[in-house]
Amino acid sequence: MPTERAEGTGLARGRGPACGGAGGPRRLLRACVRRHWHFYLFISPFFILFAVFGLYPLLFSLYLGFVKWDGLTEQTWVGLGNFAAMLEDDILAASLWNTLVIGLLYAPLMLALAFLFALALNQPWLRLRGLFRSAFFLPCVTPMVVIAIVFGLLYSPERGLLNYVLAGAGRALPFLGLKPVPWITSEEWSKAAVAVLVTWRWTGYNMVLMLAGLQGIPHEYYEAAKVDGAGPLARVRHITVPLMRPTFLFCGLLSLLGTVYMFDEVFVLTRGGPGISSTNFGLYLFNISFSDFRFGYASSVAYTVALGVFAAAMLVTRRSRLGGGAGEGSS
Amino acid sequence: MSRPLPARAARLGLYVLLAALSAGFLFPFYWLAVSALKSQGEIFAMPPAWLPIPPRWENFADIYRETNIVRAFLNSVIIAAGHVTLALLLCSLGGFAFAKYPGAPGARKLFAFVLGTMMIPGAVTLIPTFIVLTKLHMVNTYWALIVPGAAHAFGIFWMRQYVASHVPDDLLQAARIDGCSEFGIYWHVVLPIARPALAALGIMLLIGTWNNLMMAFLLLRTPEMQTLPLLMYLLQGETRTPFGMLMAGGLLTVVPMVIAFLLFQRQFIAGITAGAVKA
């Protein structure tokens, strides 16, 4: 890798004294910085923008976590009051619960589908691969707001296509017990409606990530297993699945983050309702921020949940690294 | 070459299954297109009308007449073009610097820092960003959606990887000997070579910014500043939503991204999978 190269070689070679590195005398270091002023100039736009729209917001948000503020009137210091209020906040608890339920409703299904799709599209003899891939992938590049409105039509309880099909299938095949469902108008089904939308939208994205993972598995492994008499299923089970662990983990973490911070899907499809039955954490945070203008409280909530999610992600990564072992070389 | 019958049946079965699933995944787009050519009554007809006969093109005339959709389209284009251009410039400049000046003191630590910033969730910085934009008088201007996010940590990482592995040091050295300035090297040597990486990053940024609803909702306040997704969102009424018109506008919002994706899908997919493999 280029960065592994010893400092002072590389491009600057032959122009002035070699750079002493961090351990060298101060004067040399300063000369070296001056000689590389282009480097600092070229990276400065990132750091300037990051300071204004990243670092300052991060610190200001931390401060806001300890005050009460609506954005207009005086800020009042409340210490840990915001954090104490979180424990009593039933809507926060409900939104976290909804997030968990929606995630469990769609993530395992979506990841399994994505894996199966990827396995199918990875068959060497398959033609029209690009066509199938585009069809599965297209949902995630299109504007959610439009798609959610279309899904709203499809979900319409009395006059939606989905219930029309369900009713028809129920009549034709009574033993399946299919009947129309009040998708977005009932508290029982609204989470499922969101889960279906999310599955439709993100299966293709995960499929593409898994395809990349599959293509990283050396072909010789399968050949060797074949020689040893392993059938197709055994090969998937004992070669593909273990070697795909890092990809599964990555997709799982993306789904975790995606469900917690999801916004457009619920904001447009159900507005979090009926009641708050489909309000996930992302929409809840948006509501307390920009409907209730509880800037201080919202900041403390955002920080707490972000740290929680981060800890959960670390824990899962750790676990799987320790337990798995296979496929470490992919990074 | 002929294969045993069961294997051929299995292959045929997979084709049929994949075709059916593809049709299912594409169905909402079909329904969008069909509904754009229906009247309100036909949209909610039972049994549903599978085809819009006769097609009702007035929905497009209606949305043109009753909303400022041309302006919204232009706003979306201006914001997308501005954001993608700015982000590509900043990311390629930064990526080039991190790839080709490894001798600069602190370069590696600064790069690690850039990567670290990717872990900051946007939800934590949303309120202060909103306040900063208010203080900078950027609310209800294009800048509010162009500038924040232009310093894209993944973009810098992506450009750095590409430049490091595709631009030979000797070429830069030769340009330098010919009297090219460092910025000239970036502009005349690095950028042309990095075109595929720029395309991949550009399409990712384009899709993100074109589809953005939340920031537009928060930051664009007046009708003449609305983007297409925001206009579509606001067209939904409290009591009665003009669905035919809304679907026509929705189609105009979706189609540019479908075209962009179909044109650049290879680069786009290379981009997102690189993110996964390296993460």
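Residues numbered from 1 in each chain as written. Chains lettered and ligands numbered in written order. Predicted model: local features only at pLDDT ≥ 70, side-chain atom pairs only at ≥ 80, totals over all residues. Heavy atoms only, no water.

### Notes on the overall build of chain A
Definition in use: Strands are runs of DSSP state E lasting at least two residues, helices are runs of H or I lasting at least four, and both sets are numbered from the N terminus onward. Any residue under 20% of the maximum accessible area for its type is buried, any over 50% is exposed, and the rest in between are partly exposed; the area is computed with a 1.4 Å probe on protein chains only. In what follows, residue pairs with any heavy atoms lying within 4.5 Å of each other are defined as contacts. Each accessible area is a Shrake-Rupley result for a 1.4 Å probe, and residues are judged covered by the shown protein chains and nothing else.
Along its length, chain A carries 14 helices and 2 strands. Looking at the 331 residues of chain A, the share that counts as buried comes to 47%. Within chain A, contacts between residues separated by at least 24 positions form 63% of all contacts whose residues are at least 6 apart in sequence. Approximately 16,500 Å² of chain A is accessible, and the part contributed by carbon and sulfur atoms is 65%.

### Overview of the domain arrangement of chain A
All names here are of chain A. Stated formally: What fixes the domain bounds is an automatic or database domain assignment. We define buried area as the total accessible area lost by two parts upon association, computed with a 1.4 Å probe and summed across both. Salt bridge criterion: a side-chain nitrogen from Lys or Arg within 4 Å of a carboxyl oxygen from Asp or Glu.
As assigned here, chain A comprises domain 1 (18–64) and domain 2 (84–330). The C-alpha centroid of domain 2 is placed 39 Å from the C-alpha centroid of domain 1. On the side of domain 2, 4 residues touch domain 1, which itself brings 4 residues to the contact. Taken over both partners, the interface formed by domain 1 and domain 2 buries close to 370 Å², and the fraction arising from carbon and sulfur atoms is 59%. When the buried area of domain 1 at its contact with domain 2 is split by residue, S61, L62 and L64 rank highest and sum to 86% of it. Along the contact surface separating domain 1 from domain 2 lie 0 salt bridges.

### Let's talk about empty space enclosed by the protein
Put simply, the test is: With a 1 Å grid spanning the protein atoms alone, the term cavity applies to any set of points in which a 1.4 Å probe fits but cannot get out, the term pocket to an open set with protein on both sides within 12 Å along at least five of seven lines, and the term lining residue to any residue with an atom within 4 Å of a point. Grid points are joined across faces, edges and corners, and a volume is the space filled by probe spheres set on the points. Lys, Arg, Asp and Glu make up the charged group, whereas Ala, Val, Leu, Ile, Met, Phe, Trp, Tyr, Cys and Pro make up the nonpolar group; the residues left over, Gly among them, are polar.
Scanning the model with the defined rule gives 4 cavities of 30 Å³ or more in all. Space inside the largest cavity adds up to approximately 70 Å³. Lining the largest cavity we find L153, L154, R159, G160 and L161 of chain A together with W31, I43, F44, A45, M46 and P48 of chain B. Taken together, the residues of the lining of the largest cavity break down into 9 nonpolar, 1 polar and 1 charged.

### Some words on the interface of chain A and chain B
To be explicit about the condition: Between N or O atoms, a polar contact is any pair within 3.5 Å; within protein, one atom must be a potential hydrogen donor and the other a potential acceptor, and residues adjacent in sequence are included only when both atoms are from side chains.
Between chain A and chain B, the residue contacts involve 94 residues of the former and 102 residues of the latter. Buried surface at the junction of chain A and chain B, summed over both partners, amounts to about 9,000 Å²; 80% is from carbon and sulfur atoms. On inspection of chain A and its partner chain B, the count reaches 0 salt bridges. Run the count over chain A and chain B and you get 8 residue pairs in polar contact (both at pLDDT 80 or more). Residue contributions to the side of chain A that touches chain B peak at 19 residues, all from helix α2 (residues 37–64) of chain A. Residues belonging to the side of chain A that touches chain B are distributed by class as follows: 66 nonpolar, 16 polar and 12 charged.

### What to know about the packing of α2 of chain A against helix α4 (residues 69–100) of chain B
Inclusion rule: Note on geometry: axes are C-alpha line fits, over the in-contact stretch for helices, and angles between N-to-C directions span 0 to 180 degrees. By definition in this entry, angles of less than 35 degrees are roughly parallel, angles greater than 145 are roughly antiparallel, angles of 65 to 115 are roughly perpendicular, and the rest are oblique. Whether a crossing is left-handed or right-handed is set by the direction in which the near helix is turned from the far one by less than a right angle, anticlockwise for left-handed and clockwise for right-handed.
Between α2 of chain A and α4 of chain B, the shortest axis-to-axis distance is 8 Å and the interhelical angle comes to 130°. As far as their axial angle goes, α4 of chain B and α2 of chain A are oblique. Where α2 of chain A crosses over α4 of chain B, the handedness of that crossing is left-handed. Residues F39, F42, I43, P45, F47 and L49 of chain A of α2 of chain A lie in contact with α4 of chain B, whose contacting residues are L90, L93, G94, F96, A97 and F98 of chain B. Of the residues contributing to the contact of α2 of chain A with α4 of chain B, the split by class is 11 nonpolar, 1 polar and no charged.

### Structural notes on unusual backbone geometry
Residues M46 of chain B and P47 of chain B are joined by a peptide bond in cis, for which omega reads 0°. Within the fold, P47 of chain B resides in the loop between α2 (40–43) and α3 (58–66). At the junction of I53 of chain B and P54 of chain B, the peptide bond is cis and its omega measures out at -10° in the coordinates. Inspection of the secondary structure puts P54 of chain B in the loop between α2 and α3. A positive phi angle, close to 55°, is found at F293 of chain A, a residue other than glycine. Considering the arrangement of structural elements, one finds F293 of chain A in the loop between α13 (281–290) and α14 (295–324).

### Regarding the domain arrangement of chain B
All names here are of chain B. As far as domains go, chain B holds domain 1 (5–57) and domain 2 (59–278). In this structure, domain 1 and domain 2 have C-alpha centres spaced 33 Å apart. Contacts between the two partners involve 12 residues from domain 1 and, on the opposite side, 14 residues from domain 2. Here domain 1 packs against domain 2, burying approximately 990 Å² in sum over the two surfaces, 62% of which is carbon and sulfur. Its largest share of buried area at the contact with domain 2, domain 1 owes to L32, A36 and Q40, together 49% of the area lost on that side. Between domain 1 and domain 2 we count 1 salt bridge in total. For R56, the salt bridge identified is with D62, shortest N-O distance 3.8 Å. Taken together, the connections running from domain 1 to domain 2 amount to 7 residue pairs in polar contact (both at pLDDT 80 or more).

### Regarding the packing of aromatic side chains
This is how the line gets drawn: Working definition: a ring pair exists when centres of Phe, Tyr or Trp rings (six-membered ring for Trp) sit within 6.5 Å. Plane angles under 30 degrees give stacked, over 60 give edge-to-face, the rest tilted. Cation placement over rings: the criterion is NZ of Lys or CZ of Arg within 6 Å of the ring centroid and within 35° of the ring normal.
Under the counting rule described, the total for this entry stands at 60 aromatic pairs over all chains. A ring pair is formed by W202 of chain A and Y205 of chain A, whose centres lie 5.3 Å apart and whose planes are at 85°; its orientation type is edge-to-face. Taken as a pair, W202 of chain A and Y205 of chain A lie in helix α8 (residues 190–215) at a separation of 3 residues, close to a single helical turn. On the accessibility criterion, W202 of chain A (27% relative accessible area) is partly exposed. Ring geometry for F73 of chain B and W210 of chain B: centres 5.9 Å apart, planes at 80°, overall edge-to-face. With F73 of chain B in helix α4 and W210 of chain B in helix α11 (residues 195–211), this residue pair connects regions lying 137 residues apart in the sequence. What makes F73 of chain B partly exposed here is its relative accessible area of 34%. Exposure remark for W210 of chain B: the relative accessible area of 6% places this residue in the buried category. Above the plane of the ring of W31 of chain B lies K38 of chain B, whose end atom (NZ or CZ) is 4.2 Å from the centre.

### Describing the nonpolar core
Our working rule: For our purposes a nonpolar core is just a set of buried Ala, Val, Leu, Ile, Met, Phe, Trp, Tyr and Cys residues, chained together by side-chain atoms within 4.5 Å.
In this structure, F137, L197 and V301 of chain A together with F96, L201, M232 and F268 of chain B are the most contacted members of the largest nonpolar core, which totals 187 residues. Among all residues touching F96 of chain B, those that are not within four sequence positions of it are F42 of chain A together with Y101, V163, L172, E182, I185, Y186 and V190 of chain B.

### Topic: the confidence of the model for chain A
Residue and element names in this part refer to chain A. Threshold: By definition, pLDDT measures how confident the predictor is in each residue, and it falls between 0 and 100.
For chain A, the mean per-residue pLDDT works out to 85, and 90% of the residues sit at or above 70. In the model, residues 1–17 has pLDDT below 50 throughout and makes 24 contacts with residues more than four positions away in sequence or in other chains. Throughout residues 324–331 the model reports pLDDT below 50, and contacts reaching past four residues in sequence, or to other chains, amount to 10 contacts.

### Focus: the side chain of N206 of chain A
Mapped onto the elements of the fold, N206 of chain A is located in helix α8. Every residue in contact with N206 of chain A, bar those within four places of it in the chain, is listed here: M110, L111, A114 and C251 of chain A.

### Quick notes on the side chain of N280 of chain A
All names here are of chain A. Tracing the chain through its elements places N280 in the loop between α12 (264–269) and α13. Separated by 2.9 Å, the side chain of N280 and the backbone oxygen of T259 make a polar contact. Residues in contact with N280, not counting those within four places in the same chain, are S95, T99, T259, V260, Y261, M262 and V266.

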